[in-house]
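# Commentary on secondary and tertiary structure
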Amino acid sequence: MRRLTARLKLRHLNLLLMIRKHGSLTRVAEHMATSQPAVTSALAELEGLFGAPLFVRSVRGMTPTPLGEVALARATAMLQDLDHLVRDMAATASGMAAHLHIGVIPFVSGQLISGAISATLPLDRRISVTLAEGTSGQLLAQLRDHTLDAVIGRAQATTGMQDLQFVPLYRQRPRLVASRRLAARLTRSAVQWHDLSDLDWVLGTPATPMREQIAELFLRAGLTPPQPLVETNSAKLTGEIVAASERAVSIVPADIADELVRIAGVTIVPFSFEWTLAPIALFTRADGEPRPVDRLFGDALARLCAQVHGPLR
């Protein structure tokens, strides 16, 4: 192990990732503008350092061995951390305190994120931030490989979370949104689920918590869940499509509905119902020591959530 630590180089880590990406030493050599014997020699050197094969060669390409999978995961994280170091250095050189890489699921208020960023002031200096949007699964995978420093997502009960830790922040209440004309038509009498089932629905993609929750609401009412006219995980697109249609509706969290009223011109339809979506939470990796700026951002976000949404119940 001491020999591996002393001789492992950045080029070795890059080679691992190139082989995984291209699956062929010939294609790796072409991409690196070098010869295949040179790439083969570099891989042999690397496997010599590890003392075991890292890839299995076959006619279908190169597949990582179990040891290779471990090496690839660590190589990815190490290179991401190096990239983050470069971003932190650039941020410091421009007068910032640090740079954060944050993942956010689509239906979280932009005002909330902006407020937390503004309130994170290490050493009385500002931070710079890269925001990535995606589903919880996509973002947590990026958190695990060190692409992201933290993820703001749903605290879903699931297995395989031993490497992550999370702090619940707040619960979201549901709101039905429609265009002004459709909202006026719907509210002429008390809205019922069967009134909504034949409308054009704008929903998230399958297997997302919001989509599954809305399907459950219809099933509880004894109705078949609607097939969406449009599937999108973008809150902005949801608002624009609903506002432009006289038949389209969607269900979104209350804080997002308030934003869509302002930016897209939707109307919130008075309709009382409950859902059981898991709370919004801040996810971080369980291993390693967080940077002071990571803690400050988490504290600022938690304080702001408590101020806006009250204590989590």
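If you look the protein up in an unreviewed UniProt entry, it shows as LysR family transcriptional regulator from Bordetella genomosp. 1. On record in UniProt, under Sequence similarities (unreviewed entry), the comment for the protein is "Belongs to the LysR transcriptional regulatory family."

Along the protein, the regular secondary structure elements total 13 helices and 12 strands. Along the first, second and third principal axes, the C-alpha atoms of the protein reach 75 × 55 × 35 Å. Burial analysis of the protein (313 residues in total) assigns 45% to the buried set. In the protein, the share of contacts with a sequence separation of at least 24, taken over all contacts with a separation of at least 6, comes to 76%. Here the protein contributes 33 positive and 28 negative side-chain charges, whose respective centroids are spaced 3 Å apart.

Our focus in this paragraph is the pattern of salt bridges. A pair can form between side chains of opposite charge whenever their charged atoms are brought close. All chains considered together, the criterion is met by 12 salt bridges. In this structure, the salt-bridge partner of Glu47 is Arg57, at a minimum N-O distance of 3.4 Å. Taken together, the positions of Glu47 in helix H4 (residues 36-50) and Arg57 in strand S1 (residues 55-58) put the pair 10 residues apart, joining distant regions of the chain. The class for Arg57 is partly exposed, based on a relative accessible area of 45%. A salt bridge links Glu231 to Arg211; the nearest nitrogen and oxygen atoms lie 3.0 Å apart. Within this pair, whereas Glu231 is found in strand S9 (residues 230-231), its partner Arg211 is found in helix H10 (residues 209-220), the two being separated by 20 residues in sequence. Its relative accessible area of 42% is what places Glu231 among the partly exposed residues.

Another point: empty space enclosed by the protein. Under the defined criterion, the tally for this structure stands at 1 cavity of 30 Å³ or more. Of the voids in this model, the largest cavity is the one considered here, and its volume is about 50 Å³. Counting only elements with at least two residues in the lining of the largest cavity, the list comes to strand S8 (200-203), H10 and strand S10 (248-253). For the lining of the largest cavity, the element with the highest residue contribution is S10, accounting for 3 residues. Along the lines of polarity and charge, the residues of the lining of the largest cavity split into 7 nonpolar, 4 polar and no charged.

Let us look at the layout of surface pockets. By volume, the largest pocket is sized at about 600 Å³. Asp149, Thr284, Pro290, Arg291 and Asp294 are, among the 27 residues lining the largest pocket, the residues nearest its centre. It is helix H13 (residues 292-309) that provides the largest number of residues to the lining of the largest pocket, a total of 6 residues. Grouping the constituent residues of the lining of the largest pocket by class yields 11 nonpolar, 6 polar and 10 charged.

Conventions adopted
- Residues numbered from 1 in each chain as written.
- Predicted model: local features only at pLDDT ≥ 70, side-chain atom pairs only at ≥ 80, totals over all residues.
- Heavy atoms only, no water.
- UniProt positions renumbered as here; feature names shortened; annotations may be inferred.
- Helix = DSSP H or I, 4+ residues; strand = E, 2+ residues; numbered from the N terminus.
- Buried < 20%, exposed > 50% of the residue type's maximum accessible area, 1.4 Å probe, protein only.
- Contact = heavy atoms within 4.5 Å.
- Lys, Arg positive; Asp, Glu negative; His and termini not counted.
- Charge placed at Lys NZ, Arg CZ, Asp CG, Glu CD.
- Salt bridge = Lys/Arg side-chain N within 4 Å of Asp/Glu carboxyl O.
- 1 Å grid on protein atoms, 1.4 Å probe; cavity = no way out; pocket = protein on both sides within 12 Å on 5 of 7 lines; lining within 4 Å.
- Points joined across faces, edges and corners; volume = space filled by probe spheres on them.
- Nonpolar A, V, L, I, M, F, W, Y, C, P; charged D, E, K, R; others polar.

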